[in-house]
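Read off the chains here:
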Amino acid sequence: MNYFSSDFKLGILGGGQLGKMLLAETRKFDIQTYVLDPSEEAPCKIACNKFFQGDLMDFQTVYDFGKQVDVLTFEIELVNIEALEKLESEDIIVYPSSRTLKEIQNKGIQKDFYAQHKIPTADYIRFENTETLRIAVKNDKIQLPFIWKCTEFGYDGNGVKVIRKSTDLDDLPNVECIKEEMIPFKNELAVIVCRNISGEIKTYPVVEMEFHPEANQVEYVICPARIDEKIAQKARKIALDVSKKFNHVGLLAVEMFQTEDDKILVNEVAPRPHNSGHHTIEASYTSQFENHIRAILDLPLGNTDSKMAGIMVNLVGEEGFSGNVIYENIEKILAIDGVTPHIYGKKQTRPFRKMGHVTIVNEDMKKARKIAEEVKNTIRVISSNS
């Protein structure tokens, strides 16, 4: 099939910043794109050939959209799986497949998959709802502390809470959830695996993630991770094993813990471009976004090696500010060598909302980390009507 400068149509479910960065690659290759998103102001709207507004969880909306394209992919897991299954039965190509998404979309099913396939992960128990878990804690059947996770609709730190005392459960939604053992860990790591339809498979270097203590969001992604090479090899090997067992096509971001005794435990996976790979646009020979496009169209995968050290700083809305966004001091960070801001196109800011990211590249990791700190302390995402 001729994808380039042709009638071929690639559909993307979700029109957020991940889709916007995917579209930069499709525009480079002159691939026609259709995008579906519930927001009239979706970041993708300015960059695709055709934009459709609609509910990603509505069967008919997703089905009708999918019938207009040749290949369908997604930049968010919260899409209607039944519609994807019907489209696949009618020979619309969907990558990653509905089967892959079904195994990942619900975190309880995802954890069961790890257990069934002997993938190392933290011990867990699934609960029908939070109330059932609360009763188990009250009856001393569950020991504190632990991690509470809702199985569906969680993202960017939402739907995850550390439970240190029984009252911490009181204000949580009464939804299907997981009780997960707290893991003493040295580092939170991630490996992005890309796999095309023919089975060619590559991994990006291991990255290290530093989190905001309150928002539970990634503040910095550091590549390469500052870990022993043996640990890095172990992490990449486990990520490859996870990828093969899911048998996915496209990208699979594998988030992991490096424990105090240097075990690698898989935390979660995402079958799409991921926050832990944003630095690849500037720091790698081939970005995660380009490799996702290559993979789902069964093109040869690009080189995943890094050109130099790369650090990503997330730009999130500052506390105390909501409304029309202002990027204060952005001209100051633009004056620093090796600094590239990416603004996602969201007009309204609010506390901890992801509004963009900044990549810092440098041949010296220590210098890159120092500049990243300077960037973090200089630019502020605020609003005109605080």
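These figures come from a predicted structure and were not determined experimentally.

Cut-offs used in this document
- Residues numbered from 1 in each chain as written.
- Predicted model: local features only at pLDDT ≥ 70, side-chain atom pairs only at ≥ 80, totals over all residues.
- Heavy atoms only, no water.
- Helix = DSSP H or I, 4+ residues; strand = E, 2+ residues; numbered from the N terminus.
- Rg over C-alpha atoms; globule rule 2.2 N^0.38 Å.
- Buried < 20%, exposed > 50% of the residue type's maximum accessible area, 1.4 Å probe, protein only.
- Areas by Shrake-Rupley, 256 points an atom, 1.4 Å probe, with all protein chains shown as cover.
- Axes fitted to C-alpha atoms, helices over the stretch in contact; angles between N-to-C directions.
- Left-handed = near helix turned anticlockwise from the far one by under 90°.
- Contact = heavy atoms within 4.5 Å.
- Nonpolar A, V, L, I, M, F, W, Y, C, P; charged D, E, K, R; others polar.
- Pairing = 2+ DSSP bridges.
- Core = buried A, V, L, I, M, F, W, Y, C linked by side-chain atoms within 4.5 Å.
- Disulfide = S-S within 2.5 Å.
- Salt bridge = Lys/Arg side-chain N within 4 Å of Asp/Glu carboxyl O.

Undergrad: I'd like a rundown of the overall build of the chain, residues and numbers included.
TA: What the chain contains, in helices and strands, is 11 helices and 21 strands. For a compact globule of 386 residues, the expected C-alpha radius of gyration is about 21 Å, and the chain comes in at 21 Å, within 12% of that figure. With the C-alpha coordinates aligned to their principal axes, the bounding extent of the chain is approximately 65 × 55 × 50 Å. Relative to its full complement of 386 residues, the chain shows a buried share of 55%. Accessible surface, the chain: about 17000 Å² in total, of which carbon and sulfur atoms supply 48%.

Undergrad: Can you tell me about the packing of helix α2 (residues 59-66) against helix α3 (residues 81-89), naming the residues and giving the values?
TA: Where α2 meets α3, the closest approach of the two axes is 8 Å, and the angle between their N-to-C directions is 35°. In terms of crossing hand, the pair formed by α2 and α3 is right-handed. Mapping the contact onto sequence places Phe59, Val62, Tyr63 and Gly66 in α2 and Glu82, Ala83, Leu84, Lys86 and Leu87 in α3. For the contact of α2 with α3, the per-class residue count stands at six nonpolar, one polar and two charged.

Undergrad: An account of the sheet that holds strand β21 (residues 380-383) is requested, with residue identities and associated values reported.
TA: In spatial order, the strands read β19-β17-β21; together these three strands make up an open sheet with antiparallel pairing. Of all the strands in the sheet, just β19 (348-349) and β21 have a single pairing partner and so form its edges. Note that strand β17 (residues 323-328) and β21 share four bridges and pair antiparallel. In the sheet register, Tyr327 faces β21, and the bridge partner there is Val381.

Undergrad: Explain the nonpolar core residue by residue, including any values.
TA: By size, the foremost hydrophobic cluster in this structure holds 23 residues, and its most contacted members are Val206, Val242, Phe246, Val254, Met256, Val266 and Val269. Mapped onto this core, the elements with two or more residues apiece are α5 (107-116), β10 (185-195), α7 (229-246), β14 (250-259) and β15 (264-270). Per-element accounting of this core gives the leading share, seven residues, to α7. Apart from residues no more than four positions distant in its own chain, Val269 is found in contact with Glu77, Ile104, Gln110, Tyr114, Val242, Phe246, Leu252, Ala253 and Val254. The next biggest cluster of nonpolar side chains, apart from the first, holds 21 residues, and it includes Tyr3, Cys48, Val71 and Phe289.

Undergrad: Please set out the state of the cysteines residue by residue, giving values where relevant.
TA: The tally for this structure, following the rule as stated, stands at zero disulfides. Sulfur of Cys223: no disulfide; nearest cysteine sulfur belongs to Cys194 and is 13 Å away. Judged by relative accessible area, which is 0%, Cys223 ranks as buried.

Undergrad: Quick rundown of the sheet that holds strand β1 (residues 9-13)? Include the residues and the values.
TA: Overall, parallel pairing links the five strands, which are arranged β3-β2-β1-β4-β5 in an open sheet. Two strands bound the open sheet, and with one partner strand each, they are β3 (50-53) and β5 (93-94). By the bridge criterion, four bridges tie strand β2 (residues 32-37) to β3 in an arrangement that is parallel. Following the sheet pairing, Val35 is matched in β3 by Phe51.

Undergrad: For unusual backbone geometry, give the residues involved together with the corresponding values.
TA: In this model, Tyr95 is joined to Pro96 through a cis peptide bond whose omega is -10°. Summarising the element assignment, Pro96 is placed in the loop between β5 and α4 (98-105). Residue Pro145 follows Leu144 across a cis peptide bond; omega there is -5°. You can see Pro145 is positioned in the loop between α6 (130-138) and β7 (146-150). Here Ser5, not a glycine, exhibits a phi torsion of approximately 50°, which is positive. Looking at the secondary structure, you find Ser5 in the segment before β1. Of note, the phi angle at Asn247 is positive, near 55°, even though the residue is not glycine. The topology assignment puts Asn247 in the loop between α7 and β14.

Undergrad: Any chance you could break down helix α9 (residues 288-296) for me, citing the residues and the numbers?
TA: Among the nine residues in α9, eight count as buried, and that is most of the element. Buried residues of α9: Gln288, Phe289, Glu290, Asn291, His292, Ile293, Ala295 and Ile296, and no others. Packing partners of the buried residues in α9 comprise β1, α1 (17-29), β4 (71-74), β10, β14 and α8 (280-283). A positive phi of about 60° marks Asp298, the residue just after α9.

Undergrad: Could you give an account of the pairing of strand β16 (residues 309-316), with specific residues and numbers?
TA: Within β16, eight of the eight residues are buried, which leaves the element mostly enclosed by the surrounding structure. With burial as the criterion, each face of β16 is covered, one bearing Ala309, Ile311, Val313 and Leu315 and the other bearing Gly310, Met312, Asn314 and Val316. Where strand β13 (residues 218-223) and β16 come together, four bridges link them in antiparallel fashion. Residue pairing in the sheet places Tyr220 in a bridge with Val313 of β16. Taken together, the eight bridges between β16 and strand β20 (residues 354-362) define a ladder with antiparallel strand orientation. Pairing of Val316 across the sheet is with Lys354, part of β20.

Undergrad: Quick one: what's the story with the pattern of salt bridges, residue by residue and with numbers?
TA: Side chains carrying opposite charge are able to pair once their charged atoms draw close together. By the definition in use, this model includes 27 salt bridges. Glu219 is the partner of Lys376 in a salt bridge, and the nearest nitrogen-oxygen pair spans 3.5 Å. A residue pair is termed long-range when its members are at least 10 positions apart, and Lys376 in helix α11 (residues 365-378) and Glu219 in strand β13 qualify at 157 residues. Among the residues examined, Lys376 registers a relative accessible area of 23% and is labelled partly exposed. A salt bridge links Asp241 to Lys245; its shortest N-O distance comes to 3.0 Å.

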